[in-house]
Amino acid sequence: MTTSPFEGRAPRPSLRALRDPVQLLALGFGSGLVPAAPGTAGSLIGLAAAILVAQWGAWAAAATTAVVVVAGVWICGEGARRLGVHDHPAIVWDEIAGMMIAMLAAPQGWGWAALAFALFRLFDIVKPWPIREIDHGMRGGAGIMLDDVLAGILAALGLLLARSIT
């Protein structure tokens, strides 16, 4: 039997939540509403966004990613407040930001994008030290964002390591 990521928490938001601009962003343009693996769905949105902004050049991609991260502190915090649950599984703006961070270290090519995605999802799901402590210890928008930011940084470091040995 498969369990929903929403089981034991506040109910999954309805599509009507997407009418609210804050929820539209916090819920990853609706990707956070998928019934299974909303974090993975949000990460796919982050991957697409990163590929899109990479076409503008490295500086523009880094600047856009920084804006996504900084804005995400408020977006995730306010989205959680409106849902009434800290770090609701449907809030995936943090996964979008983390995936964009990971992609900053990815050279062009689908293989590198796939590796960035796999590494980010691995670190986001497993939450190695210090990610797990931060995930459990911080509240609010910063707490929601920081564990995924760190997962993105670890994925980027993994990509840099892979690039150095290939």
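Residues numbered from 1 in each chain as written. Predicted model: local features only at pLDDT ≥ 70, side-chain atom pairs only at ≥ 80, totals over all residues. Heavy atoms only, no water.

## A word on the overall build of the protein
Then, number 1: Secondary structure summary: the protein contains 7 helices and 0 strands in total.
Then, number 2: Starting at the N terminus and ending at the C terminus, the protein contains elements arranged as α-α-α-α-α-α-α.
Then, number 3: Over its C-alpha atoms, taken along the principal directions, the protein stretches across nearly 45 × 30 × 30 Å.
Then, number 4: The buried share of the protein, reckoned over its 166 residues, is 48%.
Then, number 5: Put simply, of all contacts in the protein between residues at least 6 apart along the chain, 71% involve residues at least 24 apart.
Then, number 6: Of the roughly 8500 Å² of accessible surface on the protein, a fraction of 69% belongs to carbon and sulfur atoms.
Then, number 7: Considering the protein, the positive charge centre built from 11 side chains and the negative charge centre built from 11 side chains are found 5 Å apart. (Helix = DSSP H or I, 4+ residues; strand = E, 2+ residues; numbered from the N terminus. Buried < 20%, exposed > 50% of the residue type's maximum accessible area, 1.4 Å probe, protein only. Contact = heavy atoms within 4.5 Å. Areas by Shrake-Rupley, 256 points an atom, 1.4 Å probe, with all protein chains shown as cover. Lys, Arg positive; Asp, Glu negative; His and termini not counted. Charge placed at Lys NZ, Arg CZ, Asp CG, Glu CD.)

## Considering the side chain of His 88
Then, number 1: Tracing the chain through its elements places His 88 in the loop between helix H3 (58–83) and helix H4 (93–103).
Then, number 2: A distance of 3.3 Å separates a polar side-chain atom of His 88 from the backbone oxygen of Pro 11. (Polar contact = N/O pair within 3.5 Å; in protein donor to acceptor, adjacent residues only side chain to side chain.)

## Things to note about helix H7 (residues 140–165)
Then, number 1: If you check H7, its first and last C-alpha atoms are 39 Å apart, about what 26 residues at 1.5 Å a residue would give, namely 38 Å.
Then, number 2: Along its length, H7 reaches its greatest deviation from straightness, about 25°, at Leu 146. (Expected span 1.5 Å × (residues − 1). Bend = angle between axes of the 7 residues up to and from the residue.)

## Description of the nonpolar core
Then, number 1: Ranked by internal contacts, the top residues of the largest apolar core, which has 43 residues, are Leu 27, Ile 91, Trp 93, Met 99, Met 103 and Met 145.
Then, number 2: Elements with a minimum of two residues in this core: helix H2 (38–54), H3, H4, helix H5 (110–126), helix H6 (131–137) and H7. (Core = buried A, V, L, I, M, F, W, Y, C linked by side-chain atoms within 4.5 Å.)

## With respect to the packing of H2 against H4
Then, number 1: Closest axis-to-axis distance for the H2/H4 pair is 7 Å, and the angle between their directions is 45°. Overall, the two elements H2 and H4 adopt an arrangement that is oblique. The hand of the H2/H4 crossing is right-handed. Only Glu 95, Ile 96, Met 99, Met 100 and Met 103 of H4 make contact with H2, whose side of the interface consists of Gly 39, Gly 42, Ser 43, Ile 45, Gly 46, Leu 47, Ala 49, Ala 50, Ile 51 and Val 53.
Then, number 2: Looking at the contact of H2 with H4 residue by residue, the classes come out as 10 nonpolar, 4 polar and 1 charged. (Axes fitted to C-alpha atoms, helices over the stretch in contact; angles between N-to-C directions. Parallel < 35°, antiparallel > 145°, perpendicular 65-115°, else oblique. Left-handed = near helix turned anticlockwise from the far one by under 90°. Nonpolar A, V, L, I, M, F, W, Y, C, P; charged D, E, K, R; others polar.)

## A look at the pattern of salt bridges
Close approach of charged atoms allows side chains of opposite charge to pair.
Then, number 1: Counting across every chain of the model gives 6 salt bridges.
Then, number 2: Here Asp 124 ties to Lys 127 by a salt bridge, and the two come within 3.2 Å at their closest N and O atoms. One exposure class covers both Asp 124 and Lys 127, and it is buried.
Then, number 3: Overlapping salt bridges, with partners in common, bring together Asp 20, Glu 78, Arg 81 and Arg 82 in one network. (Salt bridge = Lys/Arg side-chain N within 4 Å of Asp/Glu carboxyl O.)

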